[in-house]
Amino acid sequence: MMDNFSINTPSLLFPAISLLMLAYTNRFLAISSIIRQLYDHHTSNPNENILRQLDNLRQRVWLIRYMQALGISSLLLCIVSMILIALNLDQFAQGLFIASLVLMTGSLILCLMEVMVSDAALKILLADIEKDLKRPLTRFPK
């Protein structure tokens, strides 16, 4: 299958996976914070505009959950691949390494989708601001 496949090959993914998981965790924490802020805002001042954001936030949480799951699975397969190399089971190790690359690719695709959904959420907020700015200013009596 692959020439020069050694224990170093799967280990090359470790820094990339670690950085991606950190980025994914930061995205999750940011979404959690936004949801908590919306909840607090809703309890003190209910607003129908929040409904427009809920589906978007649910979709983003779902995407991040599976981004993380695929990334972690990729890391686990890399580890098992390295164990199999140590046991001189190179054919199986290569197969698992390829599977880990496929999982990492899936994780990155979900990450791209989450970025696109995030962009849609920002467009909703910008449209609301634009709508407010285009309304005629109400004059207050002196």
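For the structure, check the block above.
About the criteria used
The residue count restarts for each chain, going from 1 along the sequence in the order it is written. Totals for whole chains, interfaces and linings use every residue, but because this is a predicted model, local features are given only for residues with pLDDT of at least 70 and side-chain atom pairs only at 80 or more, for both listing and counting. For side-chain calculations, the full set of non-hydrogen atoms in the structure is used, while hydrogens and water are omitted. Only DSSP runs of H or I with at least four residues qualify as helices, and only runs of E with at least two residues qualify as strands; both kinds are numbered from the N terminus onward. With the radius of gyration taken over C-alpha atoms, the globule rule is written as 2.2 Å times the number of residues to the power 0.38. Burial here depends on accessible area, computed with a 1.4 Å probe over protein chains only, as a share of the maximum for the residue type. Under 20% is buried, over 50% is exposed, and the range in between is partly exposed. Residues count as neighbours in contact if any of their non-hydrogen atoms are within 4.5 Å of one another. Here, Shrake-Rupley sampling with a 1.4 Å probe gives the accessible areas, and only protein chains in the shown set may cover a residue. When charges are counted, Lys and Arg contribute as positive and Asp and Glu as negative, whereas His and the chain ends are disregarded. Working definition for charges: the position is that of NZ of Lys, CZ of Arg, CG of Asp or CD of Glu. What a helix should span is 1.5 Å times the count of its residues minus one. In this analysis, rings of Phe, Tyr and Trp, with Trp reduced to its six-membered ring, are considered paired at centre separations within 6.5 Å, and the interplanar angle assigns stacked below 30 degrees, edge-to-face beyond 60, and tilted for intermediate values. Within this document, salt bridges are pairs made up of a side-chain nitrogen of Lys or Arg and a carboxyl oxygen of Asp or Glu, the two lying within 4 Å of each other.

Trainee: Mind showing me how you'd approach the overall build of the protein here?
Mentor: From N to C terminus, the protein includes 4 helices and 0 strands. From first element to last, N terminus to C terminus, the protein shows the α and β order α-α-α-α. Relative to its length of 142 residues, the protein is extended, with a C-alpha radius of gyration of 23 Å against a globular reference of 14 Å. Reported as C-alpha extents along the three principal axes, the dimensions of the protein are approximately 85 × 25 × 20 Å. Burial statistics for the protein: of 142 residues in total, 30% are counted as buried. For the protein, the proportion of contacts with a sequence separation of at least 24, taken over those separated by at least 6, is 82%. Working note: accessible area of the protein is about 9,900 Å², and carbon and sulfur atoms make up 67% of it. Here the protein contributes 12 positively and 10 negatively charged side chains, and the mean placements of these two sets differ by 12 Å.

Trainee: Looking at this structure, how should I read helix 2 (residues 13-44)?
Mentor: Given 3.6 residues per helical turn, the α-helix brings residues three or four places apart onto the same face. In this model helix 2 runs 46 Å from its N-terminal to its C-terminal C-alpha over 32 residues, within 8% of the 46 Å that 1.5 Å per residue would give. Among all positions in helix 2, only Leu13, Ile17, Leu20, Met21, Tyr24, Ile31, Ser32 and Leu38 are buried.

Trainee: How should I be thinking about the packing of aromatic side chains in this particular structure?
Mentor: Between two aromatic rings, the relevant description is the distance of the centres plus the angle of the planes. Evaluated as defined, the whole model comprises 1 aromatic pair. Between the aromatic rings of Trp62 and Tyr66, the centroid separation amounts to 4.6 Å while the plane-to-plane angle is 45°, which identifies the pairing as tilted. Taken together, the residues span about one helical turn, with Trp62 and Tyr66 both in helix 3 (residues 49-86) at a distance of 4 residues. Given the relative accessible area of 35%, Tyr66 is considered partly exposed.

Trainee: Even after reading the chapter, I still don't get the pattern of salt bridges, so can you show me in this structure?
Mentor: This model, assessed by the stated rule, comprises 4 salt bridges. Here Asp55 and Arg58 are joined by a salt bridge, their closest N and O atoms 3.5 Å apart. In this pair, Asp55 and Arg58 both sit in helix 3, 3 residues apart, roughly one turn of the helix. The salt bridge involving Asp119 is made with Lys123; its shortest N-O contact spans 3.4 Å. Of the two residues, Asp119 and Lys123 are both situated in helix 4 (residues 90-134); the distance of 4 residues between them amounts to about one turn of the helix. Classification of Asp119 by relative accessible area gives partly exposed; the value is 35%. Residue classification places Lys123 among the exposed positions, given a relative accessible area of 53%. Three or more residues joined by partner-sharing salt bridges are found here, namely Arg27, Arg60 and Glu114.

Such coordinate-based values are descriptive only and should not be taken to indicate function.
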